[in-house]
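Observations on the three-dimensional arrangement
For reference, the chains in residue letters:
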Amino acid sequence: MRGAPPTPPAGVTYEKDGPLLRIVGQFRGFVSGPRELGLEGEALDRLIARQRDFFAGRGEAVEWKTRSHDTPAELTARLRAAGFAPEDRETVLIGRAADMAVREPVLPAGVTLRRVTADADMRRIAAMESAVWGQDWGWLADDLIGRVAAAPDEIAIHVAEADGEVVSAAWLVFRAGTEFASLWGGSTLAAWRGRGIYRALVATRAALAAARGVTYLHVDASDDSAPVLRRLGFTAVTTTTPYVWTPGDRART
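What you see is a predicted model; the values in this text were computed from it and never measured.

Thresholds, definitions, all that
Residues numbered from 1 in each chain as written. Predicted model: local features only at pLDDT ≥ 70, side-chain atom pairs only at ≥ 80, totals over all residues. Heavy atoms only, no water. Core = buried A, V, L, I, M, F, W, Y, C linked by side-chain atoms within 4.5 Å. Buried < 20%, exposed > 50% of the residue type's maximum accessible area, 1.4 Å probe, protein only. Helix = DSSP H or I, 4+ residues; strand = E, 2+ residues; numbered from the N terminus. Contact = heavy atoms within 4.5 Å. Pairing = 2+ DSSP bridges. Right-handed = clockwise from strand over helix to strand, strands pointing away. Phe/Tyr/Trp six-rings, centres within 6.5 Å; stacked < 30°, edge-to-face > 60°. Lys NZ or Arg CZ within 6 Å of the ring centre and 35° of its normal.

**Observations concerning the nonpolar core**
Formed by 28 residues in total, the largest nonpolar core has its most connected members in Met122, Ile125, Leu144, Ile157 and Trp171. When contributions to this core are tallied by element, the ones reaching two or more residues are β7 (111–116), α4 (119–133), α5 (138–150), β8 (155–162), β9 (165–174) and α6 (197–211). Tallying contributions element by element places β9 first for this core, with six residues. Leaving out residues up to four positions away in the same chain, Ile125 has contacts with Val116, Leu140, Leu144, Ile157, Val159, Ala169 and Trp171. By size, the runner-up hydrophobic cluster in this structure holds 21 residues, among which are Ala97, Leu172, Ala226 and Phe234.

**What to know about the pairing of strand β3 (residues 29–32)**
With burial as the criterion, each face of β3 is covered, one bearing Gly29 and Val31 and the other bearing Phe30 and Ser32. Here strand β2 (residues 20–24) runs beside β3; their pairing, made up of three bridges, is antiparallel. By the bridge assignment for β3, Leu21 is matched with Ser32. Between the antiparallel neighbours β2 and β3 lie four residues, among them Gly25 with a positive phi of about 110°. In this sheet, strand β4 (residues 62–67) lies alongside β3 in parallel orientation, the contact comprising three bridges. Each bridged residue has a counterpart across the sheet, and for Val31 the counterpart in β4 is Trp64. Each parallel crossover has a hand, and for β3 linked through helix α1 (residues 41–58) to β4 it is right-handed.

**Examining the packing of aromatic side chains**
Geometrically, a pair of aromatic rings is defined through the distance of the ring centres and the angle of the planes. This structure, assessed with the given rule, holds six aromatic pairs. Judged by centre distance (5.0 Å) and plane angle (80°), the rings of Phe54 and Phe55 are edge-to-face. Since its relative accessible area comes to 27%, Phe54 is described here as partly exposed. Taken together, the aromatic side chains of Phe27, Trp133, Trp137 and Trp139 make up a single cluster linked through ring pairs. The ring of Phe54 carries Arg22 above its face, with NZ or CZ at 4.0 Å from the centroid. The cationic tip of Arg212 hangs over the ring face of Phe174; the distance from NZ or CZ to the ring centre is 3.7 Å.

Don't take any of this as a statement about function, it's just geometry.
Here it is in structure tokens:
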């Protein structure tokens, strides 16, 4: 499940640098490696510096995605030393699609779920996310539009709406050649939280995954979502933390 979806959106490229996969052309760079990098000490420092300097040359931030069971254990300390800062840790959970799909979605009165593909709906999703997080998430609309255009069979995007307003959104990403699909999104406007919308979106996407023959669902869950998913039957297997370098931070490295 590491790495990138099979089909990159237009303008996005996948590159290899030693053991790493580097994704270029998104709203910020992305780097991911295997569980065992096979490098330590100064060799690891050079690998880290190359990623930082590559994106510095582009004037872009870069995320290095780590997992708590990755080796060498010194990786995160060396990322910090190179100027990368940790963002919020998430819990990686796995569940069987068929088990999650048996739950009939139950929604609050006046809320409906709808699968969307139109560009305008992606912009409405980005506006909702911007309201939830208090920052500009306009990049998300471009990302989702690009994914749908490049490989519509690899992603299924759903919105929850009330009186014509998007109050929550989530998407399902299929990974050809694996037994997995990934659940992403799920952010909900504050006034609509705790009313079953997130659970309904999980069940809806699980049913779609099961119908496509997917065995397992994977989620990188926030501290808010992880307890809900555990109650639904998902099992925690590890944690993941993004380490991010941002232009302007280099002077402090």
